[in-house]
Each structure stands twice: as structure tokens, then as C-alpha cells.
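Structural description and commentary
Next come the chains, spelled out residue by residue.
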Amino acid sequence: MNVRASRLLPCLSWLRHYDRQAAGKDLTAALIVTLMLIPQSLAYALLAGLPPVSGLYASILPLLAYTLFGTSRTLAVGPVAVVSLMTATAIAPWYPVGSAEYIGAALLLAALSGAFLLLMALLRLGFLASFLSHPVISGFISASALLIALGQLKHLLGVSLQSDNAPALLAELVTALPQAHAPTLAIGGTTLLFLFLARTRAGRLLQALGLRAGLAATLTRIAPVFALLVAIAVVTLLDLDERGVKVVGAIPQGLPTFTLPPLDLQLAEALLPAAVLISLIGFVESVSVAQTLAAKRRERIEPNQELIALGSANFAAALSGGFPVTGGFARSVVNFDAGAQTPLAGALTAIGIGIAVLFFTPLFRNLPHAVLAATIIVAVLSLVDLTALKRTWQYSRQDASAMIATMLGVLVIGVEVGIVLGVGLSLLLFLWRTSQPHMAVVGLLPGTEHFRNVERFPVRQSPTVLSLRVDESLYFPNARYLEDRVAALIEARPGTRHLVLMCPGVNLIDASALESLEAIAQRLHAAGVQLHLSEVKGPVMDRLRQAPFLHHFGGQVFISQYEALKALDPAFITSVHTATGERTAGIAQRGVNDAHSS
């Protein structure tokens, strides 16, 4: 097999060993995920401001694309709540919700997301997702989930709300409560209670009734399908759609046709920032889920190949009437637990959704919006993790500050502003922390060749050699801090003749830091002190050899701090060893005396 082809199409690797047993497990997983994905697809299309059928379309070709290009064997790609919210937030200012222009903009947004993901893959820029720290992502997802849940309450109550931030939504909800539509509230409230109990209690109850744990878990996961079918039956039998209960209406029957996004450069320019954020957040979420599940089976994924897979999936959505997609956490876990062995489970799920679109869409005509809203609320509330804020605050208040800023930004200002605010604050805090790196004066631990912080250990220091350990890479934000720190230490120790910068924690010395080292060497030389380096890592040393610094700074580069002290102050090393030996001999002699006296 061509290695290059197998890298581009990972499916070629697992197809060689595909057998009947794997096919059976994939088929079972696909059936369960299909039943779970149908109501979710309809609900997330509603959340994105699109016709319900768009959610089904976004669950067919994108899944086939990921099957071809994806490296995770259990990641379930499709519409997800947070990306659906971001889609609505990006397009709503431009066109009326549900209009033909709105649908076209959603296609363009999916295409832009796919293009950005593929560009990242081409340039191998998967590392950019690292700029989204875990506290920021956690805060963003929790806040977005709360905002989604608040926004869906209007469908449960049967009222109209216009606001797009949490404070205004809460105020509107309080005002609108007296106008709540009773039949809609009854259907939505009952569905919400049923789904909540199904998620939290049904599994244990079904097992108590004698069902196997696996079957009980499966029935719990497809509870939204039961709720959907019962709600449709109730609305149809009681003609509730004629009494004001809002339903999804007629859904087109048949597979999606090939469509092209509108070629509107002005609109593309306006949607590009949202497409970038959707791509980064979707990639981070997908890779996190994929890596977690792969680790359980001792498998591995390739992040840059995942960029190709997700980019292709979004292009497939753009060409088939969908909207931006990514890997979903809940569906992927269900896919994993159901025993999916290969990405073919996703392709089989796509076939299941295709069958539903071909034959069963008339069934959804009387599906109430309130049921879809309840499905969304129960799904997204499981993403809220407020305890993470407490844990983060206890460990790092700086990271917690970024998390709080993200949450407040999402809830009060907007989704895109919230994530940008969180990322920006995280980067600023990182620069602030690294601008004042930890630097410790170290001394020799008696009886060893190890050097430790003088403030933490009973160490010995040379009277003429100052040992300063740098615990951070040296680059432009902290270059001046290093100069100030060295100047203060030399001023406080007039007997110093040598300064050794101990560099085991230095992974980088950039041009600004190199200039600072040159300035330090010159100032020390003027003061009668020589600069030296020790324990410099290989890659850093390679960079230093490319500059003239090593040739004219006048000092030496030692392989270890102990070797530096042996060369610069051998009398100190001898005195430490002598004192240590005498102390050891004294302890041994006292032991002998104690033995004789006893």
C-alpha cells in the first residue's frame, strides 16, 4: 500500500483488516447513534436558525467525508450545540432567520470553516488550537450552554423573545411569563421532565426491572426519540397545531441536492472571523474527545490529519445544504460505548439519516418546537461545569480570571466577543507571568553534586562564585527583567568574581534575550565579574553557536554547575567535601562509642 495514500486516506489502513465482527459492532453503534442524532439534528438546526431539514442534511455527507479522512475510530461528527449557536450569532445580523439568504450564508460559513481547517492542515498549524487554554474553553462551553438553555425557554413557553444576551433574556422572560401558551408549556415542560429523568434515573430503574445494563443504557440514550414520537402523536390526535402549538411543519423529502454557497465576497469577509473561531473551537473539542477515547483503546490520532477530515466534513456540509459541523462529545461517547470499531460506523449512521430523510420526514410535520427545545436544554445543560471554576480558582487565580472573563463575555456581550476576550486575557496573563520568570540563587547541597535554592535547602555557597538558576526561557518580555535581577544581585554581593547562569529550564534564547546577555556580560566585565553559562540545552547551544556571543563574552560554558564550581572555585569544593567527610566520620565515631558504652 502506498504510504502517502494511507496517510491521506486513513480508511485504507483499517479497511484491510475489516471483518464481519467489526461490521456487526459498527452497525449496532450506528443504529443507536442514528436514533440519537435524528432529534438532535432537527433541534440544532432550529438553534442555528435554519429549517429542521438542514440538520439532517448536515448529518449525511459530512459523516461520509470524515469516514474517509478521519483518524479517530469513534468520533461522531455532525451538528453540535455550541457551533449551532455560533452559526446563528454570526448570520442573524445579516439576514432574517430562516430566509433563503440566511440559508445561503450558513452554507458559506461552512465552506469558510472548511477552507480554514484545510489551510491549517496544509501549513501544519494544528498548534494554533493550543492558544485556546482549557479554562477558556471550559468557561466558553459552560457559558454558551447556559445562554443556549435560556434562549430555548421561549419555545417552551410559546412566547417571542428578541434579546441575545443573558441579562436581557432573563428580563424578557420575566415579562413574558404571564403570556405563556399553556398547551405549549405543558408539552415542553413534560418533555423536559421526561428527558431529565431519563438521563438521571431511567438507567437504574430499568436495571431494577430486570433489564441488562447495556440495554438499559441504550434505551436511556434514545429517550429523545420516544419523546419525539409521543409528542407528534399527541399534537396530531388533539389538533394542537391549530390551537397555537408551533410545529416544524412540512419537511422536504429526499436526499440533499448539490448546492454551491453564494459567492458574495463582502459577506465572506464579514463571516470570516466567525468561521475562524468556529474552526478553532470545533477542532479543539473534536481532538480532545478523539484523544480521550483513543487513549482508552491504546489507539492514536493525528491532529493535522484531523484538520483535513474536519475541513472536508465542513465542505461536504456546504455542498449539501448543511451548516458547520464538528465532533460531538455526547454522540462520540455513545458511539464508543456502543462498541464502534471503525469510522465506518459514522458512514452507516449517515445511511440511517439518509433513510430517514427519504422516507420518514412527513412523520415530523407535527413535531412541536417545544420538544426540540427541551431536547436542546437537556443536552446542553450536561455541558455546564461550574465546579471547574472553583477548582481552577483554587489552583490558579490567573487562569480562573480568564475563565470568568470568557463566561461573562459570552453571557453579557456575545459568543464571539467572549471567546476573544478569554483568549486575549490568557495570552496577556501568560506574557505577564513569563515577563518575571522565577530565578533562584542556588548553592551546593553538602555530600552531593546537586544545587538547590538557598531559600529552601541547607546549602553552601561560594564566596566568589554566584550561581543563578533561570527557570524560564529567555525572550523579549523578560530580557530586561534578567538584566535588573543580575544587577541587583551583584550589587548586594561585592565579593563576587564570577556569575554562572544555570540554564536547565531555558528552552529558548531569542534575539532580544541574546542582546541582554551581551549587555550583562559587558557590565559585569566593567565591574570585575565574569559571566559564565552552565547546563545549556543542546538546541539552545546550537543557536548560540550561530552568534558571535560565545566568542567574545569571555566566559565558559560548563556541562554542569558542579563542573563550573570545580573550575572557578576549587578551594570551595574541597572545603565542602572536607567538612562533609569530617561530619560523616564524627557521626560514625559517635556510633562506635555508643555501641561500646552499651
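Computed from a prediction, not measured in an experiment: that's the story for all the values here. (Residues numbered from 1 in each chain as written. Predicted model: local features only at pLDDT ≥ 70, side-chain atom pairs only at ≥ 80, totals over all residues. Heavy atoms only, no water.)

**Observations concerning the overall build of the protein chain**
The test is simple: In this description a helix means any DSSP run of H or I spanning at least four residues, a strand means any run of E spanning at least two, and both kinds are numbered starting from the N terminus. Radius of gyration: over C-alpha atoms. The globule rule applied is 2.2 Å multiplied by the number of residues raised to the 0.38 power. Burial here depends on accessible area, computed with a 1.4 Å probe over protein chains only, as a share of the maximum for the residue type. Under 20% is buried, over 50% is exposed, and the range in between is partly exposed. Any pair of residues with heavy atoms lying within 4.5 Å of one another is described as a contacting pair. Only the protein chains shown count as cover for residues, and all accessible areas are computed by the Shrake-Rupley method using a 1.4 Å probe.
When you go through the protein chain residue by residue, the secondary structure sums to 26 helices and 8 strands. Taking 25 Å as the expected radius of gyration for a compact globule of 598 residues, we find that the protein chain reaches 32 Å, considerably beyond that expectation. For the C-alpha atoms alone, the extent of the protein chain along its principal axes is close to 100 × 70 × 60 Å. The burial tally for the protein chain puts 52% of its 598 residues in the buried class. Restricting to contacts in the protein chain with at least 6 residues of sequence separation, those with at least 24 account for 79%. Carbon and sulfur atoms form 63% of the exposed surface of the protein chain, whose accessible area is close to 28,100 Å².

**Focus on the UniProt feature "domain: STAS" (unreviewed entry) in the protein chain**
Keep this limit in mind: UniProt positions are given in the numbering used here, feature names are shortened, and annotations may be inferred rather than shown by experiment.
Following the UniProt record, one finds the feature "domain: STAS" (unreviewed entry) at residues 455–575. Its end C-alpha atoms 22 Å apart, residues 455–575 is made of 46% helix and 15% strand.

**Section: the packing of aromatic side chains**
Note the threshold: Any Phe, Tyr or Trp ring, taking Trp's six-membered ring, that has another such ring centre within 6.5 Å forms a pair; planes under 30 degrees apart are called stacked, those over 60 apart edge-to-face, and the others tilted.
Taken as a whole and assessed by the stated rule, the structure comprises 3 aromatic pairs. Judged by centre distance (4.7 Å) and plane angle (25 degrees), the ring pair of Phe-549 and Phe-553 falls under stacked. Under the relative-accessibility criterion, Phe-549 is labelled buried at 0%.

**Notes on the side chain of Ser-332**
Under the convention used in this document: Identification of polar contacts relies on pairs of N or O atoms within 3.5 Å, with a donor-acceptor requirement for protein atoms, meaning one able to donate a hydrogen and the other able to accept it, and with residues adjacent in sequence counted only if both atoms are side-chain atoms.
Inspection of the secondary structure assignment puts Ser-332 in helix α15 (residues 329–337). Within the structure, Ser-332 has its side chain in polar contact with the backbone oxygen of Gly-328 (distance 2.5 Å). Residue contacts for Ser-332: discarding those within four places in its chain leaves Thr-74, Leu-75, Ala-76, Val-289 and Leu-293.

**Some remarks on the packing of helix α13 (residues 265–296) against helix α20 (residues 415–435)**
The axes of two packed helices give the description: the angle between them and the distance between them. Heads up, the rule is: Under this scheme, a helix contributes an axis fitted over its contacting stretch, all axes are lines through C-alpha atoms, and angles between N-to-C directions fall in the 0 to 180 degree range. Should the near helix be turned counterclockwise from the far one by less than a right angle, the crossing is left-handed, whereas a clockwise turn marks it as right-handed. By the convention adopted, Pro, Cys, Tyr, Trp, Phe, Met, Ile, Leu, Val and Ala count as nonpolar, Lys, Arg, Asp and Glu as charged, and the other residues, Gly among them, as polar.
Where α13 contacts α20, the axes come no closer than 11 Å and their chain directions differ by 65 degrees. Along this stretch, α13 crosses α20, giving a crossing that reads as left-handed. Contacts between α13 and α20 involve Ala-274, Leu-277 and Ile-281 on the former and, on the latter, Glu-416, Ile-419 and Val-420. Residue composition of the contact of α13 with α20, by class: 5 nonpolar, no polar and 1 charged.

**Let's talk about helix α12 (residues 223–238)**
Spelled out, the test is: Here, expected helix span is obtained from the residue count minus one, scaled by 1.5 Å.
In this model, α12 (16 residues) spans 23 Å end to end at C-alpha, consistent with the 22 Å of a helix rising 1.5 Å per residue. Elements in contact with the buried residues of α12: α3 (20–47), α10 (182–208), α11 (213–221) and α17 (369–381). Positive phi appears at Asp-239, one or two residues downstream of α12, with a value of about 55 degrees.

**Overview of the environment of Ala-30**
Mapped onto the elements of the fold, Ala-30 is located in helix α3. When residues no more than four places from it in sequence are discounted, the contact partners of Ala-30 are Ala-345, Leu-348 and Thr-349.

**Some details on the pairing of strand β3 (residues 439–444)**
On any regular strand, side chains alternate: one points to one face of the sheet, the next to the other face. Stated precisely, the cut-off is as follows: Strands were regarded as paired on the criterion that DSSP finds at least two bridges between them.
Across the 6 residues of β3, 6 count as buried, placing the element largely inside the fold. Neither face of β3 is left uncovered, since the one carrying Met-439, Val-441 and Gly-443 and the one carrying Ala-440, Val-442 and Leu-444 both have all their residues buried. Examined bridge by bridge, β3 and strand β5 (residues 465–470) share 3 bridges and lie antiparallel to one another. Across the sheet, residue Met-439 finds its bridge partner in β5, namely Val-470. Alignment of β3 against strand β4 (residues 451–453), held across 3 bridges, turns out to be antiparallel. Bridging from a neighbouring strand, Leu-444 pairs with Phe-451 of β4. Between β3 and β4, which pair antiparallel in sequence order, lie 6 residues; one of them, Gly-447, sits at a positive phi of approximately 85 degrees.

**Some thoughts on helix α7 (residues 100–122)**
End to end, α7 covers 33 Å across 23 residues, agreeing with the expected 33 Å (1.5 Å per residue, within 8%). A positive backbone phi angle near 55 degrees is found at Arg-124, which sits one or two residues after α7.

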